[in-house]
Amino acid sequence: MSGERRVYSRLKSGMSCLIYVTNKEIVGIVDNISENGIGITVNREGIADELQVDDRIDVTGLDSEVVVQFEARIVRLTENGDKLEIGALILNQKQIEPYINRKRVEMFLKSIE
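Chemist: Describe in detail the overall build of the protein, supporting the description with residues and values.
Modeler: Looking only at helices and strands, the protein has one helix and six strands in total. Going from the N terminus to the C terminus, the protein shows its helices and strands as β-β-β-β-β-β-α. For the protein, the C-alpha radius of gyration of 14 Å lies close to 13 Å, the compact-globule estimate for 113 residues. Projecting the C-alpha coordinates of the protein onto the three principal axes gives extents of approximately 45 × 40 × 30 Å. Evaluated residue by residue, the protein yields a buried proportion of 33% over its 113 residues. When the accessible surface of the protein is totalled, it reaches about 7300 Å², and 49% of it is carbon and sulfur. Charge centroids of the protein, computed over 15 positive and 19 negative side chains, lie 5 Å from each other.

Chemist: Account for the pairing of strand E1 (residues 11-21), naming residues and giving values.
Modeler: Of the two faces of E1, the one lined by Leu11, Ser13, Met15, Cys17, Ile19 and Val21 is fully buried and the one lined by Lys12, Gly14, Ser16, Leu18 and Tyr20 carries no buried residue. Of the pairings in the sheet, the one linking E1 to strand E2 (residues 24-33) comprises nine bridges and is antiparallel in character. What sits directly across from Ile19, in E2, is Ile26. Connecting E1 to the next strand, E2, in antiparallel fashion are two residues, including Thr22 with a positive phi near 40 degrees. Relative to strand E4 (residues 56-63), E1 runs antiparallel, the two sharing five bridges. From the neighbouring strand, Ser16 faces E4, where its bridge partner is Leu62.

Chemist: Tell me about the sheet that holds strand E6 (residues 83-90), and name the residues and values.
Modeler: The six strands lie next to each other as E1-E2-E3-E6-E5-E4, forming a closed barrel whose pairing is antiparallel. Going from strand to strand, the sheet's axes swing by 45 degrees on average, the running direction of each strand aside. Note: strand E5 (residues 66-80) against E6, eight bridges, orientation antiparallel. Bridge pairing in E6 places Ala72 opposite Ile90.

Procedures and definitions
- Residues numbered from 1 in each chain as written.
- Predicted model: local features only at pLDDT ≥ 70, side-chain atom pairs only at ≥ 80, totals over all residues.
- Heavy atoms only, no water.
- Helix = DSSP H or I, 4+ residues; strand = E, 2+ residues; numbered from the N terminus.
- Rg over C-alpha atoms; globule rule 2.2 N^0.38 Å.
- Buried < 20%, exposed > 50% of the residue type's maximum accessible area, 1.4 Å probe, protein only.
- Areas by Shrake-Rupley, 256 points an atom, 1.4 Å probe, with all protein chains shown as cover.
- Lys, Arg positive; Asp, Glu negative; His and termini not counted.
- Charge placed at Lys NZ, Arg CZ, Asp CG, Glu CD.
- Pairing = 2+ DSSP bridges.
- Axes fitted to C-alpha atoms, helices over the stretch in contact; angles between N-to-C directions.

Here it is, written out as structure tokens:
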């Protein structure tokens, strides 16, 4: 049995986003998203001490004219060269569900073309 706890697999995103934490705005890219978690990559420069595990962050993303907003809690921070990979738990899943469902349908339709 694997340590995987999500019901559905992660969906690749590539959505641009803004992260708000401690009165600071950080630009990032949503790499992947699942029903309860998200992976975001940001540039490390200038945010060395801004983000910590257990911080609550507000995320606003724009994906092909769809704006999504949600709150998350950072569960993992991994340095990767000049990038910082953020793993976070989405705290208000109901707000992100319509976006996730739409992305799943898009992925399914592409798979049957």
